[in-house]
Amino acid sequence: MTQRLQAGDTAPAFSLPDADGNQVSLADHLGRKVIVYFYPAALTPGCTTQACDFTDNLEAFSGAGYDVIGISPDAPEKLGKFRETEDLKVTLVSDADKSVLEAYGAYGEKTLYGKTVVGVIRSTVVVDEQGKVERALYNVKATGHVAKLLRDLKVDTEA
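A few points on the structure. (Residues numbered from 1 in each chain as written. Predicted model: local features only at pLDDT ≥ 70, side-chain atom pairs only at ≥ 80, totals over all residues. Heavy atoms only, no water.)

### Quick look at the sheet that holds strand E9 (residues 133-138)
The mixed open sheet is built from 5 strands, whose spatial order is E5-E4-E3-E8-E9. Edge positions in the sheet fall to strand E5 (91-94) and E9, since each has one partner strand and no second. Here the average twist between neighbouring strands, direction ignored, is 20°. Bridge analysis of strand E8 (residues 123-127) against E9 gives 5 bridges, and the strand direction is antiparallel. Across the sheet, the residue bridging to Val 127 is Val 133, located in E9. Packing of helix H1 (residues 45-56) onto the sheet brings it into contact with strand E3 (33-38), strand E4 (66-72) and E8, and relative to E3 it is tilted by some 165°. (Pairing = 2+ DSSP bridges. Helix = DSSP H or I, 4+ residues; strand = E, 2+ residues; numbered from the N terminus. Axes fitted to C-alpha atoms, helices over the stretch in contact; angles between N-to-C directions. Contact = heavy atoms within 4.5 Å.)

### Some details on the pairing of E8
Where a strand is regular, its side chains alternate between the two sheet faces. Counting buried positions along E8 gives 5 out of 5 residues, so the element sits mostly inside the fold. Residues of E8 alternate between two faces, with Ser 123, Val 125 and Val 127 on one and Thr 124 and Val 126 on the opposite face, all of them buried. With 5 bridges connecting them, E3 and E8 associate as antiparallel partners. Counterpart to Phe 38 in the pairing with E8 is Ser 123. Linkage of E8 to E9, two consecutive antiparallel strands, is achieved through a turn of 5 residues, within which Gly 131 is found at a positive phi near 85°. (Buried < 20%, exposed > 50% of the residue type's maximum accessible area, 1.4 Å probe, protein only.)

### As for the environment of Leu 79
On the secondary structure map, Leu 79 appears in helix H3 (residues 76-86). On the basis of relative accessibility, which here comes to 0%, the residue Leu 79 falls in the buried class. Separated by 70 residues in sequence, Leu 79 and Asp 9 have C-alpha atoms that sit 29 Å apart. Those residues in contact with Leu 79 that lie beyond four places of it in its chain are Ala 19, Tyr 39, Ala 42, Ser 72, Asp 74, Leu 92, Val 93 and Ser 94.

Okay, here's the thing in structure tokens:
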């Protein structure tokens, strides 16, 4: 069983390639809050809904001091296609060996259509300016999750 993060934990460091092959690391975002979300696969219905919701609300998150990074095991080329197909503005990075997914507790056993399988657990971790976990949310729903996150983090969407 993968260990899940708790509020107050130090967020595991990472440096992963984005859709263009550039390295994106958590350390690059020190001094700003970061929403790191984990999703199973680019170009699938639920993951598309979630990525579009984050993109649609990126200005509100950014205005409230949050950067948004989406992580999946997809190859950078697939992430590039996902970004272009859906006109995504969020930073998408590839964790092909799933080491970051595991470090964040976002990979392991889950129930899918009544069966226990091993895979990506749709999760969101909010990291504060010092690199500490502010909240860790696991088994989140693709639909409605971003709206709930906006409410929970008290992000003003009227700006």
